[in-house]
Amino acid sequence: MTVSGTARAVDPERATLAKAADENFPVAPFFLPRAWRTDLMAVYGFARLVDDIGDGDLAPGGADARLLGVPADRADDRVLMLDAFEEDLRRVFDGTPRHPLLRRLAPTVRRRSLTPGPFLGLIAANRQDQLVARYETYEDLLAYCELSANPVGRLVLAVTGTSTPERIRRSDAICTALQIVEHLQDVAEDLSRDRIYLPAEDMKRFHVQETDLAAPTANASVRALIAYEAGRARDLMSEGAPLVGSVHGRLRLLLAGFVAGGRAAVRAIAAADHDVLPGPPKPSKAQLLREVGVTLRGEG
């Protein structure tokens, strides 16, 4: 769904939430209880806006900057915007936030007894994106995913009242896997932002140069590297998959959808012979549904 800059300037809250329709995974599907859907959409609004700030994807007009108290001529300063957004987040916990998406989040925080940690992690990840454009090791990338991805799963568990240490551990594995898969799908797009999320040590191992990633199609070395990283993501997904069987009812279906989405995306990458450079390989709905069934049966 494309939202015009004019619409964003008029109603930044609605424009941000509308992006849920374009996400790889369902944000708050219809089969969940209404209260869960309300709270998950509030969390989504926060996560989507902080990513838009970090990626420089805010629509022209400066509505978000004005809401956060940032001068219009500084609206393109991502670090300043993230700092202002963090200040407004803290008002969720001890005052009245300025931005409507954070005002929407405040009742969810109170109702679900959410803590600042996961939200601050997502802000920190986007702040890191302004400073770090390359990752030397896989461990460095995992540390980034701890900030950029894992808080989302932890918030889902907190909103649904199902957090336990073991479930959090499984959720972290799934979320990190999903983040790695997204990075693999978006190699070309990330490079256009001068970011590379493929570990430099792995690029060296497979004899891949940065210039290889700018080609229209992937050479054999790039394909081998993508296959290797996809295998890592697949293993992490398998490590986290028992989370699905640890819960019941509609939450089980939601979590199965997350795992199935990641597995189907890995299969789509493989079906493209690991050539992700022309554009992100995407699974069909039929493939996704098959993976949901496999995940619900505890297979794979």
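As shown above, the structure is provided for reference.
Residues numbered from 1 in each chain as written. Predicted model: local features only at pLDDT ≥ 70, side-chain atom pairs only at ≥ 80, totals over all residues. Heavy atoms only, no water.

Q: Please give an account of the overall build of the chain that cites residues and values.
A: Within the chain, the secondary structure is distributed over 17 helices and 0 strands. Taking 19 Å as the expected radius of gyration for a compact globule of 300 residues, we find that the chain reaches 19 Å, a close match to that expectation. Projected onto the principal axes, the alpha-carbon positions of the chain cover approximately 55 × 45 × 30 Å. Across the 300 residues that make up the chain, the buried fraction comes to 50%. Across the chain, the fraction of contacts at a sequence separation of at least 24, relative to all contacts at a separation of at least 6, is 68%. Carbon and sulfur atoms make up 53% of the accessible area of the chain, which totals about 13,700 Å². Distance between charge centroids for the chain: 8 Å, based on 38 positive and 41 negative side chains. (Helix = DSSP H or I, 4+ residues; strand = E, 2+ residues; numbered from the N terminus. Rg over C-alpha atoms; globule rule 2.2 N^0.38 Å. Buried < 20%, exposed > 50% of the residue type's maximum accessible area, 1.4 Å probe, protein only. Contact = heavy atoms within 4.5 Å. Areas by Shrake-Rupley, 256 points an atom, 1.4 Å probe, with all protein chains shown as cover. Lys, Arg positive; Asp, Glu negative; His and termini not counted. Charge placed at Lys NZ, Arg CZ, Asp CG, Glu CD.)

Q: Break down the pattern of salt bridges for me, citing the residues and quoting the values.
A: In this structure the tally under the stated criterion is 25 salt bridges. The partner of E146 in a salt bridge is R154, with the nearest N and O atoms 3.5 Å apart. What makes R154 partly exposed here is its relative accessible area of 31%. With its nearest N and O atoms 2.5 Å apart, the salt bridge here joins D172 to R154. Note that D172 is positioned in helix α10 (residues 165–185) and R154 in helix α9 (residues 150–159), a separation of 18 residues in sequence. Look at the salt bridges and you will find they share partners, linking D83, E86, R90 and R127 into a network. (Salt bridge = Lys/Arg side-chain N within 4 Å of Asp/Glu carboxyl O.)

Q: Residues and numbers for the packing of helix α14 (residues 220–240) against helix α16 (residues 249–271), please.
A: Two elements in contact, α14 and α16, have axes whose closest approach is 10 Å; the angle formed by their N-to-C orientations is 160 degrees. Taken together, α14 and α16 sit at an angle that is classed as roughly antiparallel. The crossing of α14 and α16 is left-handed. Seen from α14, the contacting residues are I226, A230, R234, M237 and S238; seen from α16, they are V259, G262, R263, V266 and I269. Counted by class, the contact of α14 with α16 contains 6 nonpolar, 2 polar and 2 charged residues. (Axes fitted to C-alpha atoms, helices over the stretch in contact; angles between N-to-C directions. Parallel < 35°, antiparallel > 145°, perpendicular 65-115°, else oblique. Left-handed = near helix turned anticlockwise from the far one by under 90°. Nonpolar A, V, L, I, M, F, W, Y, C, P; charged D, E, K, R; others polar.)

Q: Outline helix α5 (residues 78–94), listing residues and values.
A: For α5, with 17 residues, the first-to-last C-alpha span of 25 Å sits near the 24 Å given by 1.5 Å per residue. All buried positions along α5 are accounted for by M81, L82, A84, F85, E86, D88, L89 and V92. Of the surrounding secondary structure, the elements contacted by the buried residues of α5 are α3 (34–55), α4 (63–67), α6 (100–112) and α7 (116–129). Between the side-chain oxygen of the N-cap and the backbone nitrogen of V79 there are 3.3 Å, and the N-cap of α5 in question is D77. (Expected span 1.5 Å × (residues − 1). Polar contact = N/O pair within 3.5 Å; in protein donor to acceptor, adjacent residues only side chain to side chain.)

Q: Describe the side chain of H274, naming the residues involved and giving the relevant values.
A: Its place among the elements puts H274 in the loop between α16 and α17 (285–296). If we ignore the near neighbours within four places in the chain, the residues touching H274 are A218, R223, I226, A227 and I269.

Q: Lay out the packing of aromatic side chains in plain terms, naming residues and giving numbers.
A: Within this structure, the stated rule accounts for 8 aromatic pairs. Measuring from centroid to centroid gives 5.7 Å for F30 and F31, while their planes differ by 80 degrees, and the two rings are edge-to-face. Among the aromatic residues, those joined into a cluster by ring pairs are F46, F85, F93 and F119. A cation sits over an aromatic face here: R205 above Y228, 4.7 Å from the ring centre. When the ring centre of Y138 is taken as origin, the NZ or CZ atom of R232, which lies over that ring, is 3.7 Å away. (Phe/Tyr/Trp six-rings, centres within 6.5 Å; stacked < 30°, edge-to-face > 60°. Lys NZ or Arg CZ within 6 Å of the ring centre and 35° of its normal.)

Q: I'd like to hear about the packing of helix α8 (residues 138–148) against α9, residue by residue, with values.
A: As a packed pair, α8 and α9 sit with axes 4 Å apart at the nearest point and diverge in direction by 40 degrees. Contacts between α8 and α9 involve C145, E146, L147 and S148 from the first element and N150, P151 and R154 from the second. Classifying every residue of the contact of α8 with α9 gives 3 nonpolar, 2 polar and 2 charged.

Q: Can you break down unusual backbone geometry residue by residue, with the values?
A: Its identity as a non-glycine residue notwithstanding, D194 has a phi of 60 degrees, on the positive side. Along the polypeptide, D194 turns up in the loop between α11 (187–192) and α12 (200–205). A positive phi angle is found at H274, which is not glycine, with a value near 60 degrees.

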